[in-house]
Amino acid sequence: MTRATALLLSLIGLAACQGDETISGYALSDAEWMLVDMGGTPFAARATITFPQQGKIVGQAPCNRYVADQTAPYPWFEAGPIGATKMACPDQAAEVDFFAGLMRVTLAEVSGDTLILSTEGGFEMLFRALP
């Protein structure tokens, strides 16, 4: 076996051993996180987020189910295009704010049953894991 072949096989093996570097590899794998505070204000509507598999976000916004990609390595966070159902409800304004917040945040921090998505400027979305 040549050195180049050995190096290539080592790199392939190393890549195969790498774990999930997105937030789904750090957050409680089966947790559903509920938004409790956004921008320093209690969030009155119900919105959740889950990380069911590497690179995926799934949840319930105040009105609609949604899905998005999230492939940035932890502690970075970037919600890819958000796809959502299109039902109207009385909490439509809260849903618009929720999706705007998800598109705005760039950092993630997980500590036990607390998830904080934030910006470098100090905006935060505080989630708690549901029991």
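Residues numbered from 1 in each chain as written. Predicted model: local features only at pLDDT ≥ 70, side-chain atom pairs only at ≥ 80, totals over all residues. Heavy atoms only, no water.

Caption draft 1: The arrangement of the overall build of the protein chain in detail. A count of helical and extended segments in the protein chain gives two helices and nine strands. Along the protein chain, helices and strands appear, N-terminal first, in the series α-β-β-β-β-β-β-α-β-β-β. Of the roughly 7,600 Å² that the protein chain leaves accessible, carbon and sulfur atoms contribute 59%. (Helix = DSSP H or I, 4+ residues; strand = E, 2+ residues; numbered from the N terminus. Areas by Shrake-Rupley, 256 points an atom, 1.4 Å probe, with all protein chains shown as cover.)

Caption draft 2: Layout of the sheet that holds strand S5 (residues 65-69). Strand order across the open sheet formed by three strands is S4-S5-S6, with antiparallel pairing between neighbours. The open sheet has two edge strands with one neighbour each: strand S4 (56-60) and strand S6 (83-84). In this sheet, S6 lies alongside S5 in antiparallel orientation, the contact comprising two bridges. Across the sheet, residue tyrosine 66 finds its bridge partner in S6, namely alanine 84. (Pairing = 2+ DSSP bridges.)

Caption draft 3: View of helix H2 (residues 92-104). Its 13 residues place the ends of H2 18 Å apart at the C-alpha level, agreeing with the 18 Å of an ideal helix rising 1.5 Å per residue. Along H2, the residues classified as buried are Ala94, Glu95, Phe98, Phe99, Gly101 and Leu102. Viewed end-on, H2 has its buried residues packed into an arc of 155°, placing them on one side of the element. Away from its buried face by more than 90 degrees, H2 exposes Ala93 and Val96. On the buried face of H2, the contacting elements are strand S1 (33-38), strand S3 (48-49), S5, S6, strand S8 (114-118) and strand S9 (124-129). (Expected span 1.5 Å × (residues − 1). Buried < 20%, exposed > 50% of the residue type's maximum accessible area, 1.4 Å probe, protein only. Arc of directions from axis to C-beta. Contact = heavy atoms within 4.5 Å.)

Caption draft 4: Looking closely at unusual backbone geometry. Here the amide bond leading from tyrosine 74 into proline 75 is cis, since omega sits at 15°, within 30 degrees of zero. Here proline 75 lies in the loop between S5 and S6.

Caption draft 5: How the structure looks around the nonpolar core. Grouped together as the largest cluster of nonpolar side chains are 30 residues, with contacts concentrated most on Trp33, Ile49, Phe77, Phe98, Leu117 and Met125. Every element with two or more residues in this core is listed here: S1, S5, H2, strand S7 (107-111), S8 and S9. It is H2 that contributes the most residues to this core, four residues altogether. (Core = buried A, V, L, I, M, F, W, Y, C linked by side-chain atoms within 4.5 Å.)

Caption draft 6: Spatial organisation of the side chain of threonine 119. You can see threonine 119 is positioned in the loop between S8 and S9. We classify threonine 119 as buried; its relative accessible area is 13%. When sequence neighbours within four positions are dropped, the list of residues in contact with threonine 119 reads Arg104, Val105, Thr106 and Leu107.

Caption draft 7: Layout of the pairing of S4. By the alternation rule, side chains of S4 split into Ile57 and Gly59, which are all buried, and Lys56, Val58 and Gln60, of which none is buried. Relative to S5, S4 runs antiparallel, the two being bridged by five bridges. Across the sheet, the residue bridging to glycine 59 is tyrosine 66, located in S5.

Caption draft 8: Fine view of the side chain of serine 118. Mapped onto the fold, serine 118 is located in strand S8. Sequence-distant contacts of serine 118, that is, excluding residues within four places in its chain, are made with Val105, Thr106, Leu107, Phe123 and Glu124.

Caption draft 9: Molecular detail of the pairing of S5. Only one face of S5 is covered, namely the face carrying Tyr66 and Ala68; the face carrying Arg65, Val67 and Asp69 is uncovered. If you look at the hairpin formed by S4 and S5, you'll find four residues sitting between the two strands.

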